[in-house]
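Overview (structure and organization)
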Amino acid sequence: MPFISLTFTAFFLIFISLYHLATRFKKNDLLVQQIILLTASFVFYGFADLRFLPFLLYIIALSYIGGLFCRNRILLAIFILADLAPLLFFKYAPSDWHTHIIFPLGLSFFTFQSISYIADCYTKKIEPERNLLTVAQFVSFFPVISSGPIQRAGNLIPQFKAVHRFDYDNATNGMKLFAWGLFKKICIADKIAVYVNFVYGNASDQYGLALLFATVLYSFQIYCDFSGYSDMAIGVARYMGFDAGKNFDHPYLSQSVGEFWRRWHISLSSWLRDYVYIPLGGSRVALPRIYANLFITFLVSGIWHGSTWNFVIWGLLHGFYQCVGRAAKPVFEKIRIPAWIKICITFCLVTFAWVFFRAENLNQAGIIISKMSQIPHNIAEFLVKKNSVGLKECLKVFFAFTSQTYFLKRMIKLLLVLLAFILTNIAIQKQNGLKIIKSIPFFIRWILYIGFTLFIFETLLTSDTSFSGNFIYQRF
(Lines give C-alpha, C1' and ligand atoms only; values in the text may rest on other atoms or scores of the structure.)
Protein backbone atom coordinates (compact mmCIF):
# COMPACT_ATOMS: atom_id res chain seq x y z
CA MET A 1 0.00 0.00 0.00
CA PRO A 2 1.94 3.07 -1.19
CA PHE A 3 2.07 6.02 1.22
CA ILE A 4 1.24 8.35 -1.66
CA SER A 5 -2.17 7.01 -2.60
CA LEU A 6 -5.84 7.52 -1.86
CA THR A 7 -5.93 3.94 -0.57
CA PHE A 8 -3.41 4.72 2.16
CA THR A 9 -5.21 7.97 3.00
CA ALA A 10 -8.47 6.09 3.54
CA PHE A 11 -6.68 3.30 5.42
CA PHE A 12 -4.90 5.69 7.77
CA LEU A 13 -7.97 7.81 8.49
CA ILE A 14 -9.96 4.72 9.47
CA PHE A 15 -7.07 3.29 11.49
CA ILE A 16 -6.16 6.46 13.40
CA SER A 17 -9.84 7.12 14.24
CA LEU A 18 -10.23 3.63 15.72
CA TYR A 19 -6.80 3.84 17.38
CA HIS A 20 -7.68 7.00 19.29
CA LEU A 21 -11.23 5.89 20.01
CA ALA A 22 -9.70 2.89 21.80
CA THR A 23 -8.57 5.24 24.58
CA ARG A 24 -12.25 5.52 25.62
CA PHE A 25 -12.00 1.99 27.04
CA LYS A 26 -11.14 2.60 30.68
CA LYS A 27 -9.76 -0.84 31.57
CA ASN A 28 -8.52 -2.39 28.33
CA ASP A 29 -7.55 0.67 26.30
CA LEU A 30 -3.93 -0.49 25.84
CA LEU A 31 -4.92 -4.01 24.75
CA VAL A 32 -7.51 -2.65 22.31
CA GLN A 33 -4.95 -0.23 20.83
CA GLN A 34 -2.43 -3.05 20.45
CA ILE A 35 -4.94 -5.27 18.66
CA ILE A 36 -6.01 -2.42 16.35
CA LEU A 37 -2.37 -1.59 15.53
CA LEU A 38 -1.43 -5.21 14.83
CA THR A 39 -4.51 -5.72 12.67
CA ALA A 40 -3.73 -2.54 10.74
CA SER A 41 -0.13 -3.69 10.20
CA PHE A 42 -1.30 -7.02 8.79
CA VAL A 43 -3.83 -5.27 6.54
CA PHE A 44 -1.19 -2.80 5.34
CA TYR A 45 1.31 -5.57 4.62
CA GLY A 46 -1.20 -8.00 3.16
CA PHE A 47 -2.51 -5.34 0.80
CA ALA A 48 0.74 -5.64 -1.20
CA ASP A 49 0.21 -9.39 -1.65
CA LEU A 50 -1.49 -11.87 0.68
CA ARG A 51 1.22 -14.41 -0.21
CA PHE A 52 3.70 -12.27 1.75
CA LEU A 53 1.91 -12.73 5.10
CA PRO A 54 3.27 -16.24 5.86
CA PHE A 55 6.84 -14.87 5.73
CA LEU A 56 5.94 -12.09 8.14
CA LEU A 57 4.26 -14.56 10.51
CA TYR A 58 7.32 -16.82 10.28
CA ILE A 59 9.68 -13.99 11.28
CA ILE A 60 7.35 -12.98 14.14
CA ALA A 61 7.26 -16.55 15.51
CA LEU A 62 11.03 -16.92 15.11
CA SER A 63 11.66 -13.62 16.89
CA TYR A 64 9.44 -14.55 19.80
CA ILE A 65 10.92 -18.04 20.25
CA GLY A 66 14.48 -16.85 19.63
CA GLY A 67 14.18 -14.07 22.19
CA LEU A 68 12.98 -16.52 24.85
CA PHE A 69 15.24 -19.49 24.20
CA CYS A 70 18.48 -18.20 22.63
CA ARG A 71 20.93 -19.03 25.43
CA ASN A 72 24.21 -19.90 23.72
CA ARG A 73 26.18 -19.12 20.56
CA ILE A 74 25.08 -22.26 18.76
CA LEU A 75 21.42 -21.40 19.22
CA LEU A 76 22.14 -17.79 18.27
CA ALA A 77 23.72 -18.96 15.01
CA ILE A 78 20.79 -21.29 14.30
CA PHE A 79 18.21 -18.57 14.91
CA ILE A 80 20.11 -16.05 12.77
CA LEU A 81 20.43 -18.55 9.92
CA ALA A 82 16.74 -19.39 10.21
CA ASP A 83 16.00 -15.65 10.13
CA LEU A 84 18.16 -15.13 7.06
CA ALA A 85 16.92 -18.19 5.16
CA PRO A 86 13.93 -16.53 3.39
CA LEU A 87 15.98 -13.41 2.61
CA LEU A 88 18.87 -15.42 1.15
CA PHE A 89 16.47 -17.58 -0.84
CA PHE A 90 14.68 -14.67 -2.49
CA LYS A 91 17.81 -12.59 -3.08
CA TYR A 92 19.99 -15.41 -4.42
CA ALA A 93 17.50 -17.76 -6.06
CA PRO A 94 18.60 -18.83 -9.59
CA SER A 95 17.89 -16.12 -12.15
CA ASP A 96 15.43 -18.31 -14.08
CA TRP A 97 13.28 -18.55 -10.93
CA HIS A 98 12.79 -14.77 -10.69
CA THR A 99 9.95 -14.82 -13.21
CA HIS A 100 7.98 -17.18 -10.97
CA ILE A 101 8.63 -15.72 -7.52
CA ILE A 102 7.95 -12.30 -5.98
CA PHE A 103 10.29 -10.75 -3.42
CA PRO A 104 8.23 -10.16 -0.24
CA LEU A 105 7.84 -6.49 0.59
CA GLY A 106 10.21 -5.23 3.30
CA LEU A 107 11.73 -8.68 3.97
CA SER A 108 15.26 -7.25 4.29
CA PHE A 109 14.13 -4.65 6.81
CA PHE A 110 12.03 -6.70 9.21
CA THR A 111 14.52 -9.58 9.01
CA PHE A 112 17.26 -7.25 10.29
CA GLN A 113 14.91 -6.04 13.04
CA SER A 114 14.31 -9.63 14.06
CA ILE A 115 18.04 -10.47 14.12
CA SER A 116 18.80 -7.42 16.25
CA TYR A 117 16.02 -8.37 18.69
CA ILE A 118 17.27 -11.95 19.11
CA ALA A 119 20.91 -10.79 19.38
CA ASP A 120 20.02 -8.15 21.99
CA CYS A 121 18.13 -10.73 24.04
CA TYR A 122 21.13 -13.08 23.82
CA THR A 123 23.60 -10.39 24.95
CA LYS A 124 21.10 -9.28 27.64
CA LYS A 125 20.91 -5.72 26.29
CA ILE A 126 17.15 -6.14 26.63
CA GLU A 127 14.90 -8.54 28.47
CA PRO A 128 13.09 -11.12 26.29
CA GLU A 129 9.51 -10.06 25.64
CA ARG A 130 7.03 -12.68 26.87
CA ASN A 131 4.00 -11.06 25.27
CA LEU A 132 3.67 -12.40 21.71
CA LEU A 133 1.39 -9.49 20.79
CA THR A 134 4.18 -7.00 21.60
CA VAL A 135 6.78 -8.89 19.54
CA ALA A 136 4.33 -9.12 16.66
CA GLN A 137 3.78 -5.35 16.79
CA PHE A 138 7.54 -4.75 16.81
CA VAL A 139 8.24 -6.88 13.73
CA SER A 140 5.19 -5.76 11.73
CA PHE A 141 4.92 -2.05 12.69
CA PHE A 142 3.35 -0.78 9.46
CA PRO A 143 4.92 2.71 9.11
CA VAL A 144 8.41 1.19 8.77
CA ILE A 145 7.80 -2.35 7.55
CA SER A 146 8.41 -1.83 3.83
CA SER A 147 11.57 0.32 3.79
CA GLY A 148 12.56 1.16 7.34
CA PRO A 149 13.98 2.90 9.25
CA ILE A 150 15.16 -0.37 10.83
CA GLN A 151 13.94 -0.31 14.42
CA ARG A 152 15.60 -1.49 17.63
CA ALA A 153 13.57 -3.32 20.22
CA GLY A 154 15.06 -1.27 23.07
CA ASN A 155 13.55 1.87 21.57
CA LEU A 156 10.28 0.67 20.05
CA ILE A 157 8.97 -2.10 22.32
CA PRO A 158 8.55 0.14 25.42
CA GLN A 159 6.43 2.45 23.27
CA PHE A 160 3.98 -0.38 22.56
CA LYS A 161 3.38 -0.67 26.31
CA ALA A 162 1.96 2.83 26.64
CA VAL A 163 -1.46 4.13 25.62
CA HIS A 164 -1.17 6.69 22.81
CA ARG A 165 -3.75 9.44 23.03
CA PHE A 166 -4.17 12.17 20.45
CA ASP A 167 -1.49 14.82 20.85
CA TYR A 168 -1.67 18.03 18.81
CA ASP A 169 2.11 18.55 18.59
CA ASN A 170 2.74 14.95 17.54
CA ALA A 171 -0.02 15.14 14.93
CA THR A 172 1.11 18.42 13.39
CA ASN A 173 4.81 17.51 13.47
CA GLY A 174 3.98 14.17 11.86
CA MET A 175 2.05 15.91 9.10
CA LYS A 176 4.93 18.33 8.47
CA LEU A 177 7.45 15.50 8.23
CA PHE A 178 5.15 13.62 5.86
CA ALA A 179 4.70 16.72 3.67
CA TRP A 180 8.46 17.33 3.57
CA GLY A 181 9.05 13.74 2.50
CA LEU A 182 6.28 14.04 -0.09
CA PHE A 183 7.95 17.14 -1.53
CA LYS A 184 11.33 15.41 -1.79
CA LYS A 185 9.80 12.41 -3.52
CA ILE A 186 7.41 14.09 -5.96
CA CYS A 187 9.05 17.43 -6.69
CA ILE A 188 12.68 16.32 -6.82
CA ALA A 189 13.29 12.56 -6.91
CA ASP A 190 10.61 11.67 -9.45
CA LYS A 191 11.48 14.61 -11.68
CA ILE A 192 15.15 13.66 -11.70
CA ALA A 193 14.25 10.02 -12.34
CA VAL A 194 12.86 10.81 -15.81
CA TYR A 195 16.22 12.18 -16.97
CA VAL A 196 18.40 9.63 -15.16
CA ASN A 197 16.36 6.67 -16.40
CA PHE A 198 16.62 7.88 -19.99
CA VAL A 199 20.37 8.55 -19.88
CA TYR A 200 21.30 5.34 -18.01
CA GLY A 201 18.84 3.34 -20.10
CA ASN A 202 20.72 4.41 -23.24
CA ALA A 203 24.19 4.67 -21.72
CA SER A 204 26.07 3.35 -24.74
CA ASP A 205 24.54 6.10 -26.94
CA GLN A 206 25.25 9.02 -24.59
CA TYR A 207 28.14 11.43 -24.26
CA GLY A 208 30.20 11.31 -21.08
CA LEU A 209 28.89 14.77 -20.11
CA ALA A 210 25.31 13.49 -20.05
CA LEU A 211 26.31 10.43 -18.00
CA LEU A 212 28.25 12.56 -15.50
CA PHE A 213 25.34 14.98 -15.15
CA ALA A 214 22.88 12.09 -14.73
CA THR A 215 25.13 10.49 -12.08
CA VAL A 216 25.34 13.72 -10.08
CA LEU A 217 21.57 14.10 -10.30
CA TYR A 218 21.13 10.47 -9.25
CA SER A 219 22.95 11.30 -6.01
CA PHE A 220 20.12 13.70 -5.24
CA GLN A 221 17.45 11.39 -6.64
CA ILE A 222 18.31 8.48 -4.36
CA TYR A 223 18.72 10.80 -1.37
CA CYS A 224 15.38 12.57 -1.91
CA ASP A 225 13.63 9.30 -2.75
CA PHE A 226 14.84 7.34 0.27
CA SER A 227 15.00 10.15 2.82
CA GLY A 228 11.59 11.25 1.52
CA TYR A 229 10.18 7.80 2.30
CA SER A 230 11.89 7.84 5.71
CA ASP A 231 10.39 11.25 6.53
CA MET A 232 6.94 9.98 5.57
CA ALA A 233 7.33 6.79 7.63
CA ILE A 234 8.67 8.69 10.64
CA GLY A 235 5.89 11.27 10.18
CA VAL A 236 3.16 8.61 10.18
CA ALA A 237 4.67 7.06 13.32
CA ARG A 238 4.97 10.50 14.96
CA TYR A 239 1.29 11.26 14.25
CA MET A 240 0.43 8.04 16.11
CA GLY A 241 2.65 9.05 19.02
CA PHE A 242 5.70 6.87 18.24
CA ASP A 243 9.32 7.95 17.93
CA ALA A 244 10.81 5.97 15.00
CA GLY A 245 14.20 7.69 15.21
CA LYS A 246 16.12 9.56 12.53
CA ASN A 247 17.39 7.96 9.32
CA PHE A 248 19.20 10.81 7.53
CA ASP A 249 21.17 13.77 8.83
CA HIS A 250 22.30 15.93 5.87
CA PRO A 251 24.70 13.26 4.53
CA TYR A 252 25.95 15.30 1.55
CA LEU A 253 27.35 17.90 3.96
CA SER A 254 29.75 15.30 5.38
CA GLN A 255 33.47 16.05 5.36
CA SER A 256 34.55 12.42 5.00
CA VAL A 257 33.09 9.14 3.78
CA GLY A 258 33.16 7.87 7.36
CA GLU A 259 31.03 10.82 8.43
CA PHE A 260 28.77 10.24 5.42
CA TRP A 261 27.94 6.76 6.71
CA ARG A 262 27.12 8.16 10.13
CA ARG A 263 24.57 10.42 8.43
CA TRP A 264 23.22 8.20 5.60
CA HIS A 265 20.64 5.46 6.24
CA ILE A 266 21.53 5.74 9.91
CA SER A 267 19.40 2.76 10.97
CA LEU A 268 21.27 0.41 8.59
CA SER A 269 24.70 1.93 9.24
CA SER A 270 24.30 1.59 13.00
CA TRP A 271 22.92 -1.95 12.55
CA LEU A 272 26.00 -2.98 10.54
CA ARG A 273 28.25 -1.36 13.13
CA ASP A 274 26.60 -3.09 16.10
CA TYR A 275 25.92 -6.53 14.60
CA VAL A 276 28.75 -6.97 12.06
CA TYR A 277 31.67 -4.58 12.63
CA ILE A 278 31.87 -4.70 16.45
CA PRO A 279 31.37 -8.51 16.72
CA LEU A 280 34.26 -8.90 14.23
CA GLY A 281 36.46 -6.95 16.62
CA GLY A 282 35.68 -3.42 15.49
CA SER A 283 38.56 -1.03 16.13
CA ARG A 284 39.86 -2.92 19.16
CA VAL A 285 42.16 -5.16 17.10
CA ALA A 286 45.38 -4.74 15.13
CA LEU A 287 45.30 -2.33 12.18
CA PRO A 288 45.23 -5.03 9.43
CA ARG A 289 42.23 -6.62 11.18
CA ILE A 290 40.50 -3.23 11.40
CA TYR A 291 40.85 -2.83 7.64
CA ALA A 292 39.55 -6.36 7.10
CA ASN A 293 36.60 -5.66 9.40
CA LEU A 294 35.75 -2.51 7.44
CA PHE A 295 35.88 -4.38 4.13
CA ILE A 296 33.72 -7.21 5.46
CA THR A 297 31.16 -4.81 6.93
CA PHE A 298 30.75 -2.90 3.68
CA LEU A 299 30.76 -6.12 1.69
CA VAL A 300 27.76 -7.20 3.78
CA SER A 301 26.15 -3.84 3.03
CA GLY A 302 26.68 -4.37 -0.70
CA ILE A 303 25.33 -7.92 -0.61
CA TRP A 304 22.32 -6.77 1.42
CA HIS A 305 21.46 -4.27 -1.30
CA GLY A 306 21.68 -6.72 -4.19
CA SER A 307 22.99 -10.03 -5.48
CA THR A 308 24.80 -8.74 -8.58
CA TRP A 309 28.50 -7.91 -8.81
CA ASN A 310 27.93 -4.18 -9.15
CA PHE A 311 26.54 -4.07 -5.58
CA VAL A 312 29.54 -6.05 -4.35
CA ILE A 313 31.88 -3.53 -6.01
CA TRP A 314 29.84 -0.65 -4.55
CA GLY A 315 30.21 -2.10 -1.04
CA LEU A 316 33.92 -2.86 -1.42
CA LEU A 317 34.55 0.60 -2.86
CA HIS A 318 33.07 2.17 0.27
CA GLY A 319 35.17 -0.21 2.36
CA PHE A 320 38.23 1.02 0.44
CA TYR A 321 37.23 4.64 1.06
CA GLN A 322 36.96 3.94 4.79
CA CYS A 323 40.38 2.27 4.96
CA VAL A 324 42.11 5.04 3.00
CA GLY A 325 40.37 7.68 5.11
CA ARG A 326 41.48 5.97 8.30
CA ALA A 327 45.08 5.57 7.08
CA ALA A 328 45.28 9.18 5.85
CA LYS A 329 43.61 10.73 8.90
CA PRO A 330 46.91 11.78 10.61
CA VAL A 331 48.02 13.50 7.40
CA PHE A 332 44.72 15.34 6.92
CA GLU A 333 44.76 16.49 10.55
CA LYS A 334 48.06 18.28 9.90
CA ILE A 335 46.84 19.89 6.68
CA ARG A 336 44.14 22.50 7.16
CA ILE A 337 41.72 21.86 4.31
CA PRO A 338 38.66 24.13 4.17
CA ALA A 339 35.44 22.35 5.13
CA TRP A 340 33.77 23.07 1.77
CA ILE A 341 36.61 21.35 -0.11
CA LYS A 342 36.31 18.25 2.09
CA ILE A 343 32.54 18.25 1.51
CA CYS A 344 33.07 18.46 -2.27
CA ILE A 345 35.65 15.64 -2.25
CA THR A 346 33.37 13.42 -0.18
CA PHE A 347 30.44 14.13 -2.47
CA CYS A 348 32.53 13.24 -5.54
CA LEU A 349 33.70 9.95 -4.01
CA VAL A 350 30.18 8.95 -2.98
CA THR A 351 28.75 10.00 -6.35
CA PHE A 352 31.31 7.92 -8.25
CA ALA A 353 30.31 4.89 -6.17
CA TRP A 354 26.65 5.49 -7.06
CA VAL A 355 27.50 4.52 -10.66
CA PHE A 356 27.83 0.88 -9.55
CA PHE A 357 24.69 1.16 -7.43
CA ARG A 358 22.54 2.60 -10.23
CA ALA A 359 23.89 0.55 -13.13
CA GLU A 360 21.90 -2.52 -14.10
CA ASN A 361 25.03 -4.67 -14.06
CA LEU A 362 28.81 -4.48 -13.98
CA ASN A 363 29.05 -4.29 -17.76
CA GLN A 364 26.86 -1.17 -17.88
CA ALA A 365 28.87 0.41 -15.05
CA GLY A 366 32.03 -0.20 -17.10
CA ILE A 367 30.48 1.47 -20.17
CA ILE A 368 29.43 4.50 -18.10
CA ILE A 369 32.85 4.96 -16.51
CA SER A 370 34.55 4.51 -19.90
CA LYS A 371 32.27 7.15 -21.42
CA MET A 372 32.93 9.57 -18.56
CA SER A 373 36.68 9.19 -19.08
CA GLN A 374 36.11 10.83 -22.49
CA ILE A 375 34.72 14.02 -20.93
CA PRO A 376 37.80 16.19 -21.76
CA HIS A 377 37.31 15.26 -25.42
CA ASN A 378 33.54 15.92 -25.08
CA ILE A 379 34.19 19.41 -23.72
CA ALA A 380 36.53 20.26 -26.60
CA GLU A 381 33.98 18.98 -29.12
CA PHE A 382 31.20 20.92 -27.36
CA LEU A 383 33.11 24.19 -27.59
CA VAL A 384 33.78 23.66 -31.30
CA LYS A 385 30.19 22.76 -32.20
CA LYS A 386 28.69 25.54 -30.06
CA ASN A 387 29.91 28.14 -32.52
CA SER A 388 28.39 26.35 -35.50
CA VAL A 389 25.05 24.94 -34.25
CA GLY A 390 24.40 27.11 -31.17
CA LEU A 391 24.43 26.58 -27.41
CA LYS A 392 20.87 25.23 -27.10
CA GLU A 393 21.41 22.54 -29.73
CA CYS A 394 24.72 21.52 -28.17
CA LEU A 395 23.09 21.16 -24.75
CA LYS A 396 20.44 18.90 -26.28
CA VAL A 397 23.04 16.71 -27.95
CA PHE A 398 25.77 16.51 -25.30
CA PHE A 399 23.47 16.42 -22.23
CA ALA A 400 20.55 14.48 -23.78
CA PHE A 401 18.06 17.31 -23.26
CA THR A 402 15.72 15.81 -25.85
CA SER A 403 11.95 15.78 -26.11
CA GLN A 404 12.02 12.30 -24.61
CA THR A 405 13.52 13.57 -21.38
CA TYR A 406 13.74 17.25 -20.54
CA PHE A 407 13.79 20.36 -22.60
CA LEU A 408 16.15 23.00 -21.31
CA LYS A 409 13.37 25.00 -19.60
CA ARG A 410 12.22 21.97 -17.61
CA MET A 411 15.77 21.23 -16.51
CA ILE A 412 16.28 24.84 -15.41
CA LYS A 413 13.09 24.65 -13.31
CA LEU A 414 14.23 21.37 -11.76
CA LEU A 415 17.69 22.77 -10.98
CA LEU A 416 16.18 25.85 -9.33
CA VAL A 417 14.01 23.64 -7.08
CA LEU A 418 17.06 21.50 -6.31
CA LEU A 419 19.15 24.60 -5.51
CA ALA A 420 16.46 25.86 -3.12
CA PHE A 421 16.39 22.43 -1.49
CA ILE A 422 20.19 22.39 -1.07
CA LEU A 423 20.24 25.89 0.43
CA THR A 424 17.44 24.89 2.83
CA ASN A 425 19.44 21.86 3.96
CA ILE A 426 22.51 24.00 4.56
CA ALA A 427 20.44 26.47 6.57
CA ILE A 428 18.91 23.83 8.86
CA GLN A 429 21.87 21.44 9.20
CA LYS A 430 22.57 22.51 12.78
CA GLN A 431 18.99 23.23 13.79
CA ASN A 432 15.78 21.25 14.05
CA GLY A 433 13.62 22.12 11.06
CA LEU A 434 10.38 21.64 13.02
CA LYS A 435 11.56 24.12 15.67
CA ILE A 436 12.53 26.65 12.99
CA ILE A 437 9.06 26.39 11.44
CA LYS A 438 7.40 26.81 14.83
CA SER A 439 9.41 29.98 15.49
CA ILE A 440 8.05 31.67 12.33
CA PRO A 441 5.14 34.06 12.98
CA PHE A 442 1.73 32.41 12.63
CA PHE A 443 0.52 34.37 9.58
CA ILE A 444 3.73 33.90 7.59
CA ARG A 445 3.91 30.25 8.60
CA TRP A 446 0.47 29.53 7.20
CA ILE A 447 1.26 31.35 3.96
CA LEU A 448 4.28 29.04 3.63
CA TYR A 449 2.14 25.97 4.40
CA ILE A 450 -0.42 26.89 1.73
CA GLY A 451 2.22 27.78 -0.86
CA PHE A 452 4.14 24.57 -0.17
CA THR A 453 0.98 22.45 -0.46
CA LEU A 454 -0.10 24.16 -3.69
CA PHE A 455 3.36 23.61 -5.19
CA ILE A 456 3.17 19.87 -4.46
CA PHE A 457 -0.32 19.61 -5.97
CA GLU A 458 0.73 21.66 -8.99
CA THR A 459 3.64 19.28 -9.53
CA LEU A 460 1.33 16.28 -9.34
CA LEU A 461 -1.32 17.74 -11.64
CA THR A 462 1.08 19.03 -14.31
CA SER A 463 3.35 16.00 -14.39
CA ASP A 464 3.49 14.38 -17.83
CA THR A 465 4.65 11.06 -16.41
CA SER A 466 2.60 8.47 -14.57
CA PHE A 467 3.20 8.25 -10.82
CA SER A 468 3.57 4.75 -9.43
CA GLY A 469 4.15 5.59 -5.77
CA ASN A 470 7.09 3.19 -5.65
CA PHE A 471 10.32 4.01 -3.86
CA ILE A 472 13.85 2.93 -4.79
CA TYR A 473 14.52 1.09 -1.53
CA GLN A 474 11.36 -0.99 -1.70
CA ARG A 475 13.21 -3.39 -4.02
CA PHE A 476 15.86 -4.06 -1.35
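Here is what the cut-offs are and how they apply
Within each chain, residue numbers correspond to sequence positions counted from 1 in written order. Selection of residues for local features in this predicted model requires a pLDDT of at least 70, selection of side-chain atom pairs for listing and counting requires 80 or more, and totals for whole chains, interfaces and linings are taken over all residues. The side-chain numbers reported here are obtained from all heavy atoms of the structure, hydrogens and water having been left aside. Secondary structure elements are taken from DSSP: a helix is a run of H or I of four residues or more, a strand is a run of E of two residues or more, and numbering for both begins at the N terminus. Here the globule rule is a power law, 2.2 Å times the number of residues to the power 0.38, and the radius of gyration is based on C-alpha atoms. When accessible area is computed with a 1.4 Å probe and restricted to protein chains, residues below 20% of their type maximum are described as buried, those above 50% as exposed, and intermediate ones as partly exposed. We call two residues in contact when some of their heavy atoms are within 4.5 Å. Accessibility throughout is a Shrake-Rupley quantity obtained with a 1.4 Å probe, and a residue counts as covered only by protein chains that appear here. Salt bridges are identified by distance alone: a Lys or Arg side-chain nitrogen within 4 Å of an Asp or Glu carboxyl oxygen. Centres within 6.5 Å make a pair out of two Phe, Tyr or Trp rings, where for Trp the six-membered ring is used; the pair is then stacked when the planes are under 30 degrees apart, edge-to-face when over 60, and tilted otherwise. Expected span, for any helix, means 1.5 Å times one less than how many residues it has. By arc we mean the arc of the directions from the helix axis to the C-beta atoms, nothing more. Patch membership needs two things, relative accessible area over 30% and no salt bridge, and members are linked within 9 Å if like-charged or within 5 Å if nonpolar (Val, Leu, Ile, Met, Phe, Trp, Tyr). Nonpolar cores were defined as sets of buried Ala, Val, Leu, Ile, Met, Phe, Trp, Tyr and Cys residues, with membership established by side-chain atoms within 4.5 Å. As a rule, the C-alpha atoms of each element are fitted with a line to give its axis, helices using only the stretch in contact, and angles between N-to-C directions run from 0 to 180 degrees. Angles are sorted into four bins: roughly parallel if under 35 degrees, roughly antiparallel if over 145, roughly perpendicular if 65 to 115, and oblique for all others. Should the near helix be turned anticlockwise from the far one by less than a right angle, the crossing is termed left-handed; should it be turned clockwise, right-handed. Gly is put with the polar residues, along with every residue not named as nonpolar or charged; the nonpolar set is Ala, Val, Leu, Ile, Met, Phe, Trp, Tyr, Cys and Pro, and the charged set is Asp, Glu, Lys and Arg. pLDDT is a per-residue confidence score from the predictor, ranging from 0 to 100. In this count, Lys and Arg are taken as positive residues and Asp and Glu as negative ones, while His and the chain termini are left out.

1. Topic: the overall build of the protein
Looking only at helices and strands, the protein features 20 helices and 0 strands. Here the C-alpha radius of gyration of the protein, 24 Å, is about what a compact globule of 476 residues would show, namely 23 Å. Structurally, the protein occupies a C-alpha span of about 80 × 60 × 55 Å along its principal axes. For the protein, with 476 residues in total, the buried portion stands at 50%. Summarising the internal contacts of the protein: among those between residues at least 6 apart in sequence, 74% fall at separations of at least 24. Total accessible area computed for the protein in this model is approximately 23,100 Å², and 67% of it derives from carbon and sulfur atoms.

2. With respect to the pattern of salt bridges
Applying the stated criterion across every chain yields a total of 14 salt bridges. A salt bridge links Asp49 to Arg51; its shortest N-O distance comes to 2.8 Å. Given the relative accessible area of 16%, Asp49 is considered buried. Here Asp231 ties to Lys184 by a salt bridge, and the two come within 2.7 Å at their closest N and O atoms. One end of the pair, Asp231, is in helix α9 (residues 208-240); the other, Lys184, is in helix α8 (residues 168-201), with 47 residues separating them in the sequence. Residues Asp231 and Lys184 agree in their burial class; the two are buried. Within this structure, Arg152, Arg273 and Asp274 form a network of salt bridges that share partners.

3. Points about the packing of aromatic side chains
Tallied over the entire structure, the rule returns 66 aromatic pairs. Plain terms: the ring middles of Phe12 and Phe15 are 6.1 Å apart, the flat faces sit at 45° to each other, and that makes the pair tilted. Here Phe15 and Phe12 lie together in helix α1 (residues 6-21), a separation of 3 residues that amounts to about one turn. Judged by its relative accessible area of 12%, Phe12 falls in the buried class. Accessibility expressed as a relative area gives 3% for Phe15, which makes it buried. Ring centres of Tyr229 and Phe471 lie 5.1 Å apart, and the angle between their planes is 70°; on these two criteria the pair is classed as edge-to-face. Of this pair, Tyr229 sits in helix α9 while Phe471 sits in the segment after α20 (442-462); the two residues are 242 residues apart in sequence, bridging distant segments of the chain.

4. Here's the deal with α1
With 16 residues, α1 should cover 22 Å at 1.5 Å per step; its first-to-last C-alpha distance of 23 Å lies within 8% of that length. Of the positions making up α1, those classed as buried are Phe8, Phe11, Phe12, Phe15, Ile16, Tyr19 and His20. Looking down the long axis of α1, one finds its buried residues gathered within 140° of arc, a one-sided arrangement. Turned more than 90 degrees from where α1 packs its buried face, Leu6, Leu13 and Ile14 sit exposed.

5. Section: a nonpolar patch on the surface
Taken together, Phe442, Phe443, Ile444, Trp446, Ile447, Leu448, Ile450 and Leu454 make up a surface patch of nonpolar side chains, about 880 Å² in accessible area. Take Ile450: it is sitting in helix α20. Assessed through its relative accessible area of 49%, Ile450 is described here as partly exposed.

6. Side note on the nonpolar core
Membership of the largest hydrophobic core comes to 138 residues, with the highest contact counts inside it found for Phe142 and Tyr195. In terms of residues, this core owes the most to one element, α9, which gives 19 residues. When near neighbours in sequence (up to four residues on either side) are disregarded, Phe142 contacts Phe8, Phe11, Phe12, Phe15, Leu37, Ala40, Ser41, Phe44, Val236 and Met240.

7. What to know about the packing of α8 against α9
At a closest axis distance of 7 Å, the pairing of α8 and α9 adopts a crossing angle of 155°. With respect to each other, α8 and α9 are oriented roughly antiparallel. Handedness of the crossing formed by α8 with α9: left-handed. Class assignment of the residues belonging to the contact of α8 with α9 gives a composition of 27 nonpolar, 9 polar and 6 charged.

8. Points about the environment of Ala10
For Ala10, the location among the structural elements is in helix α1. In sequence terms Ala10 and Gln322 are 312 residues apart; their C-alpha atoms lie 45 Å from each other.

9. So, the side chain of Ser219
As for its position among the elements, Ser219 is in helix α9. Given the relative accessible area of 0%, Ser219 is considered buried. If we skip the residues at most four places from it in the chain, Ser219 touches Tyr252, Phe347, Thr351 and Trp354.

10. Observations regarding the packing of α9 against helix α15 (residues 362-372)
Two numbers describe how α9 lies on α15: the axes approach to 8 Å, and their chain directions differ by 115°. Here α9 runs over α15; the crossing is left-handed. When α9 is examined against α15, the residues Gly208, Leu211, Leu212 and Thr215 are found in contact with a partner set consisting of Ile368, Lys371 and Met372. Residues that form the contact of α9 with α15 fall into these classes: 4 nonpolar, 2 polar and 1 charged.

11. Observations concerning the confidence of the model for the protein
Predicted confidence across the protein gives a mean pLDDT of 90, with 96% of residues reaching 70 or more. The spread of mean pLDDT over the elements of the protein runs between helix α19 (residues 433-439), the lowest at 80, and helix α6 (residues 132-140), the highest at 96.

12. Some details on the environment of Leu88
You can see Leu88 is positioned in helix α4 (residues 73-92). Residue class for Leu88 comes out partly exposed when judged on its relative accessible area of 42%. Residues Leu88 and Asn387, spaced 299 residues apart in sequence, show a C-alpha to C-alpha distance of 56 Å.

13. So, the side chain of Lys371
Tracing the chain through its elements places Lys371 in helix α15. Buried within the structure, Lys371 lacks any salt-bridge partner; Asp205 is the closest side chain of opposite charge, at an N-O distance of 6.4 Å. If we skip the residues at most four places from it in the chain, Lys371 touches Ala203, Ser204, Gln206, Gly208, Leu211 and Asn378.

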